[in-house]
Amino acid sequence: MGAGDDTISFTSDTNLDGITGADMASLFSDVEELDFTDTDLTGSNVFEIGNDDIDAMTDEDNVLSISVDLSTIALTDISVLAQSGATIDTDNTVGNTRTIDWDNGTQLIINGS
């Protein structure tokens, strides 16, 4: 995309059910934030994303933020995966923010509002 922080925002008519981080990584590059605040996951659906997906869609910092509306997507509805031999070092929730760090330096920050 470009310099700075690039955000992909999803509208209320976007159905995230069945969409994964791998799908996002195949579509986007050099993205720092996915904004899911205007959409939702239904039933028992989760959004799966792993370190390989994040590394493929972000810049060289390998840090991705996902914004969610906690009335439609819980912090735990984002399911994190360890891919290509990486392991999850930490998965911490403080208030409305969940931060996941992998041992290869990849980071995912989920911000709820």
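Look up a bit, the structure's there.
Residues numbered from 1 in each chain as written. Predicted model: local features only at pLDDT ≥ 70, side-chain atom pairs only at ≥ 80, totals over all residues. Heavy atoms only, no water.

Caption draft 1: Region of interest: the packing of aromatic side chains. Within the structure shown, the criterion is met by two aromatic pairs. Note on Phe10 and Phe36: the rings are 5.2 Å apart at their centroids and 70 degrees apart in plane angle, and the pair reads as edge-to-face. One end of the pair, Phe10, is in the loop between strand 1 (7–9) and helix 1 (21–27); the other, Phe36, is in the loop between strand 2 (33–35) and strand 3 (47–50), and 26 residues separate them in sequence. Each member of the pair, Phe10 as well as Phe36, carries the same accessibility label: buried. A centroid spacing of 5.2 Å and a plane angle of 85 degrees characterise the contact between Phe36 and Phe47, whose relative ring orientation is edge-to-face. Of the two residues, Phe36 is situated in the loop between strand 2 and strand 3 and Phe47 in strand 3; the sequence distance between them amounts to eleven residues. Accessibility assignment for this pair places Phe36 and Phe47 in one class, buried. Three or more aromatic residues joined by ring pairs form one cluster here, namely Phe10, Phe36 and Phe47. (Phe/Tyr/Trp six-rings, centres within 6.5 Å; stacked < 30°, edge-to-face > 60°. Helix = DSSP H or I, 4+ residues; strand = E, 2+ residues; numbered from the N terminus. Buried < 20%, exposed > 50% of the residue type's maximum accessible area, 1.4 Å probe, protein only.)

Caption draft 2: Inspection of unusual backbone geometry at higher detail. Residues other than glycine seldom take positive phi values, yet Asp30 does so here, at roughly 55 degrees. Following the sequence through the fold, Asp30 ends up in the loop between helix 1 and strand 2. One non-glycine residue, Ser84, lies in positive phi territory at about 55 degrees. If you trace the backbone, Ser84 turns up in the loop between strand 5 (78–81) and strand 6 (88–94).

Caption draft 3: Structural detail: the sheet that holds strand 7 (residues 97–102). Reading across from one edge, 1-2-4-8-7-6 is the order of the six strands in this open sheet, with mixed pairing throughout. With one partner strand each, in any of the chains shown, strand 1 and strand 6 form the two edges of the open sheet. Within the sheet, the average angular offset between the axes of one strand and its neighbour, ignoring direction, is 10 degrees. In this sheet, strand 4 (residues 63–68) lies alongside strand 2 in parallel orientation, the contact comprising three bridges. Following the sheet pairing, Leu34 is matched in strand 4 by Ile66. (Pairing = 2+ DSSP bridges. Axes fitted to C-alpha atoms, helices over the stretch in contact; angles between N-to-C directions.)

Caption draft 4: Inspection of the environment of Thr11 at higher detail. Secondary-structure assignment places Thr11 in the loop between strand 1 and helix 1. In this structure, Thr11 is in contact with Asp38 and Thr39, ignoring residues within four places of it in sequence. (Contact = heavy atoms within 4.5 Å.)

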